[in-house]
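# Structural features, examined
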Amino acid sequence: MAQAVASAALSATDAAQGDRGGARRSGVRGRAAGARRRPRFAVAAVAAGLALAVGMGGYAYASGQLVSVASAFDDVFLGSTAPTNVRNKVGRPVDAVATSDGVTISADAIMGDEHNYAVVYSIRRADGKPLGKVATNANGTLTIDGKTPSADFDQSVDGTFGAGGESYFYDADPSDNAIQMVTKMTTDANVIGATMRTSFRGITLQDKGYRDAGTIATGSWNLKFKLNYESDSVALKPTGSLEVVGTDGSVRNVSVSPVGVTIDYVVNGTEKAPASGRWSPKYLDLGDITVTMRDGTTMTVPSGAASSSEKDGKTVVSMGSFFDGMVDPSDVASVSFAGVTATA
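Residues numbered from 1 in each chain as written. Predicted model: local features only at pLDDT ≥ 70, side-chain atom pairs only at ≥ 80, totals over all residues. Heavy atoms only, no water.

## A look at the overall build of the protein chain
When its secondary structure is counted, the protein chain shows 2 helices and 27 strands. Burial statistics for the protein chain: of 344 residues in total, 49% are counted as buried. Summing over all exposed atoms, the protein chain offers an accessible surface of approximately 15300 Å²; the carbon and sulfur share of this is 50%. (Helix = DSSP H or I, 4+ residues; strand = E, 2+ residues; numbered from the N terminus. Buried < 20%, exposed > 50% of the residue type's maximum accessible area, 1.4 Å probe, protein only. Areas by Shrake-Rupley, 256 points an atom, 1.4 Å probe, with all protein chains shown as cover.)

## As for the pattern of salt bridges
Tallying each qualifying case throughout the model produces 7 salt bridges. Where R211 meets D207, a salt bridge forms, and the shortest distance between an N and an O atom there is 3.2 Å. By relative accessible area, D207 is classed as partly exposed at 24%. Among the charged side chains, a salt-bridge network with shared partners connects D152, D154 and R201. (Salt bridge = Lys/Arg side-chain N within 4 Å of Asp/Glu carboxyl O.)

## Topic: the pairing of strand 25 (residues 314-322)
Within strand 25, 8 of the 9 residues are buried, which leaves the element mostly enclosed by the surrounding structure. Taken together, the 8 bridges between strand 21 (residues 260-267) and strand 25 define a ladder with antiparallel strand orientation. By the bridge assignment, V267 is partnered in strand 25 with T315. Here strand 24 (residues 305-311) pairs with strand 25 via 7 bridges, running antiparallel. The residue bridging K311 from the neighbouring strand is K314, located in strand 25. (Pairing = 2+ DSSP bridges.)

## A short note on the pairing of strand 26 (residues 332-337)
With 4 bridges joining them, strand 22 (residues 288-293) and strand 26 adopt antiparallel strand pairing. The residue bridging T290 from the neighbouring strand is S336, located in strand 26. In the sheet, strand 26 pairs with strand 27 (residues 340-343) via 4 bridges, with the strands oriented antiparallel. Bridging across to strand 27, S336 finds its partner in T341. Hairpin remark: strand 26 followed by strand 27, antiparallel, with 2 residues in the connecting loop; positive phi at A338, about 45°.

## Focus: the packing of aromatic side chains
One pass over the full model with this rule turns up 2 aromatic pairs. Measuring from ring centre to ring centre gives 5.7 Å for F153 and F200, while their planes differ by 35°; the resulting arrangement is tilted. Of the two residues, F153 is situated in strand 13 (residues 148-158) and F200 in strand 16 (residues 195-206); the sequence distance between them amounts to 47 residues. Taken individually, F153 and F200 each receive the classification buried, so the pair is uniform in this respect. Put simply, the rings of Y121, F153 and F200 pair up and form one aromatic cluster. (Phe/Tyr/Trp six-rings, centres within 6.5 Å; stacked < 30°, edge-to-face > 60°.)

## Some details on the side chain of T315
Along the chain, T315 turns up in strand 25. Exposure remark for T315: the relative accessible area of 2% places this residue in the buried category. Other than its neighbours up to four places away in sequence, T315 contacts Y265, V266, V267, G269, T270, E271, Y283, S308, S309 and E310. (Contact = heavy atoms within 4.5 Å.)

## Quick notes on the confidence of the model for the protein chain
Per-residue pLDDT for the protein chain averages 78, and the proportion of residues at 70 or more is 74%. The secondary-structure element of the protein chain with the lowest mean pLDDT is strand 3 (residues 50-54), recorded at 25, while strand 27 shows the highest, at 97. pLDDT under 50 marks residues 4-8. Its contacts with residues more than four places away, or in other chains, come to 18 contacts. Contacts of residues 10-26 to residues separated by more than four positions or lying in other chains number 57 contacts, the stretch itself having pLDDT below 50. (pLDDT = per-residue confidence, 0-100.)

## A closer look at the nonpolar core
Counting residues in hydrophobic clusters, the biggest one holds 34 residues, and the most contacted among them are Y117, I123, F200, F225 and L227. Sort the elements by how many residues they give to this core and strand 17 (residues 212-226) lands first, with 5 residues. Setting aside anything within four residues of it in sequence, one finds I123 in contact with V103, T104, I105, L131, F169, N177, A178, I179, M181 and I203. Counting 27 residues, the second-largest nonpolar core is a separate cluster that includes V254, V256, I263 and F323. (Core = buried A, V, L, I, M, F, W, Y, C linked by side-chain atoms within 4.5 Å.)

## Considerations on unusual backbone geometry
Located in the positive-phi region is N88, a residue other than glycine, with phi close to 55°. Even without being glycine, D95 reaches a positive phi, approximately 60°. Counting through the fold element by element, D95 comes out in the loop between strand 7 (90-93) and strand 8 (97-100).

## A word on the environment of D324
Take D324: it is sitting in the loop between strand 25 and strand 26. Sequence spacing of D324 and G260 is 64 residues, and the spatial spacing of their C-alpha atoms is 8.6 Å.

## Points about the environment of P281
Within the secondary structure, P281 sits in the loop between strand 21 and strand 22. Between the alpha carbons of P281 and A306 there is a distance of 9.2 Å; along the sequence they are 25 residues apart.

## Points about the environment of D176
Note that D176 resides in the loop between strand 14 (163-170) and strand 15 (178-187). Looking at D176, the relative accessible area reads 32%, which means it is partly exposed. In this structure, the C-alpha to C-alpha distance between D176 and G128, residues 48 residues apart in sequence, is 8.6 Å. Those residues in contact with D176 that sit more than four places away from it in its chain are R124 and D171. Within the structure, the side chain of D176 is placed 3.1 Å from the backbone nitrogen of A178, a separation counted as a polar contact. (Polar contact = N/O pair within 3.5 Å; in protein donor to acceptor, adjacent residues only side chain to side chain.)

Written out as structure tokens, the structure is:
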């Protein structure tokens with residue numbers, strides 16, 4: 001079920017629906033490799049590896065979303081924002097396509113909930129020829145000519161302060177010449193309707209030791225489109241006593257959607273940065289999260305990406321974790337973590 005979320009995003013639109021002041025934008029610079037990764041992201045102003053852009057001024061569009069002046073003017077430099085149509089709750093960007101160095105990259109599908117979203121990109125040669133011999137290795141990792149593909153890219157969303165998640169490649173349709181790259185992100189704000197900007201700088205290959213082993217293309221691919229899709233999230237009622245690494249706290253919200261779980265909680269303490277100046281993310285880790293379905297089956301997902309802030313001696317956290325596949329939220333009986341059980 002490794003590609004279940006992305007496959008559902010690509011196919012759902014073709015199936016019947018049974019179905020602190022000032023503007024802000026988070027930026028995540030990533031390297032998507034062929035292997036599926038589920039790294040921990042500690043998202044804060046001092047988190048390593050996170051590019052953070054905060055506009056000094058801004059204004060509200062008719063939608064009410066505050067955007068930076070730079071964001072408003074980038075229509076001049078990057079072109080207008082591609083619209084996104086919604087069909088069967090899945091977003092389909094319209095003409096979010098760029099070609100450079102003989103390779104075309106397009107944003108094809110978006111799905112998620114208020115704080116967790118997945119975007120599916122397709123990468124193909126513009127001349128219709130294959131990128132190489134596409135296969136999967138024993139670990140289920142996509143390979144091209146026996147090597148794993150890697151993408152160097154930036155991804156940012158208006159109206160958010162931080163984001164983190166994972167990315168991976170797969171092949172949705174072996175009969176065509178494209179491969180797909182999926183980014184799955186958790187943010188600290190509702191992103192539905194926000195503007196997404198993604199910039200790719202290169203598609204390369206890596207050997208088994210993750211060393212550079214070839215180049216597919218280098219160039220500049222800039223995509224800008226709306227994160228339009230519909231959420232099916234359902235709120236759950238938490239009970240129990242939250243405890244995170246020996247510190248008590250409280251749970252503000254637990255919700256489950258087809259793609260994952262979102263947990264908002266408060267820890268009654270703050271973390272002091274050690275002498276090294278590095279920020280410790282211990283309050284952002286709830287450990288394993290157990291999801292129990294109404295038929296009695298269970299699945300376990302690890303804590304996902306989280307963002308936090310400190311207020312009145314407490315740490316306020318929002319954490320999201322993706323499922324490996326898709327679930328019907330109405331089939332979820334409970335979600336349990338760190339001494340708390342939230343029920344439907």
